[in-house]
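# Overview (structure and organization)
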Amino acid sequence: YKEMDIEEYATSQYSEDNWMTRFLTNQMSGNVYDRHLDLAKEVLESKCLVGILEDFAESINRFDRYFGWSKIDFGGPVSMTNRGTCVARVMQ
């Protein structure tokens, strides 16, 4: 595979074939169809909380709404009233 160009690699036995769809639907061999893609999307929508690095601030807000972080006093070194400052420093 070291001597292959990208097209040769993509069509070789070494390349992955829809590995995420296969993993999420437990369809590790055989063909993958639109129904597998639909099922994989459903799994992601119902079982995963996804953040986008390019929109880090919104992702943090989404996580906060989901987990309720802003309503929990963790008893750590940052008081609940100073969490916004702490989060702003992390997002810089």
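Our structure is the block above this text.
These lines cover the structure that appears in this document, whether it is placed above or below. No experiment lies behind these values; they were computed from the predicted model shown. (Residues numbered from 1 in each chain as written. Predicted model: local features only at pLDDT ≥ 70, side-chain atom pairs only at ≥ 80, totals over all residues. Heavy atoms only, no water.)

In this section: the packing of aromatic side chains. If you walk through the whole model with that rule in mind, you get three aromatic pairs. Summarising the aromatic geometry, the rings of Phe63 and Trp69 are spaced 6.4 Å apart at their centres and angled 65° between planes, so their arrangement reads as edge-to-face. Here Trp69 falls in the partly exposed class, since its relative accessible area comes to 34%. Summarising the aromatic geometry, the rings of Tyr66 and Phe67 are spaced 5.0 Å apart at their centres and angled 90° between planes, so their arrangement reads as edge-to-face. (Phe/Tyr/Trp six-rings, centres within 6.5 Å; stacked < 30°, edge-to-face > 60°. Buried < 20%, exposed > 50% of the residue type's maximum accessible area, 1.4 Å probe, protein only.)

This next bit is on the side chain of His36. Mapped onto the elements, His36 comes out in helix α3 (residues 34–47). Ignoring any residue separated from it by four or fewer positions in sequence, one finds His36 in contact with Thr21, Thr25, Gln27 and Asn31. (Helix = DSSP H or I, 4+ residues; strand = E, 2+ residues; numbered from the N terminus. Contact = heavy atoms within 4.5 Å.)

Considering the arrangement of structural elements, one finds Thr21 in helix α2 (residues 19–25). On the accessibility criterion, Thr21 (14% relative accessible area) is buried. Setting aside anything within four residues of it in sequence, one finds Thr21 in contact with Val32, His36, Leu37 and Ala40.

Moving on, we get to a nonpolar patch on the surface. Together, Leu49, Tyr66, Phe67, Trp69, Ile72 and Phe74 give the surface a local cluster of nonpolar side chains, amounting to about 620 Å² of exposed area. Considering the arrangement of structural elements, one finds Trp69 in the loop between α4 (56–67) and α5 (83–90). (Patch = residues over 30% accessible without salt bridge, like charges linked within 9 Å, V, L, I, M, F, W, Y side chains within 5 Å. Areas by Shrake-Rupley, 256 points an atom, 1.4 Å probe, with all protein chains shown as cover. Salt bridge = Lys/Arg side-chain N within 4 Å of Asp/Glu carboxyl O.)

Turning to the pattern of salt bridges, a few remarks are in order. Taken as a whole, this structure holds two salt bridges when the rule is applied. Put simply, Asp17 and Arg22 hold a salt bridge, and the shortest N to O gap is 2.8 Å. Owing to a relative accessible area of 42%, Asp17 belongs among the partly exposed residues under this scheme. Relative accessible area serves as the criterion here: at 9%, Arg22 is assigned to the buried category.

Further remarks concern a negative patch on the surface. There is a patch of like negative charges on the surface, built from Asp34, Asp38, Glu42 and Glu45. Relative to the helices and strands, Asp34 resides in helix α3. Judged by relative accessible area, which is 59%, Asp34 ranks as exposed. (Lys, Arg positive; Asp, Glu negative; His and termini not counted. Charge placed at Lys NZ, Arg CZ, Asp CG, Glu CD.)

Here we take up the environment of Val32. Topologically, Val32 is positioned in the loop between α2 and α3. For Val32, a relative accessible area of 25% translates into the label partly exposed. When the C-alpha positions of Val32 and Arg65 are compared, they lie 35 Å apart, and in sequence the two are 33 residues distant. Apart from residues lying up to four places away in sequence, Val32 is in contact with Asn18, Thr21 and Arg22.

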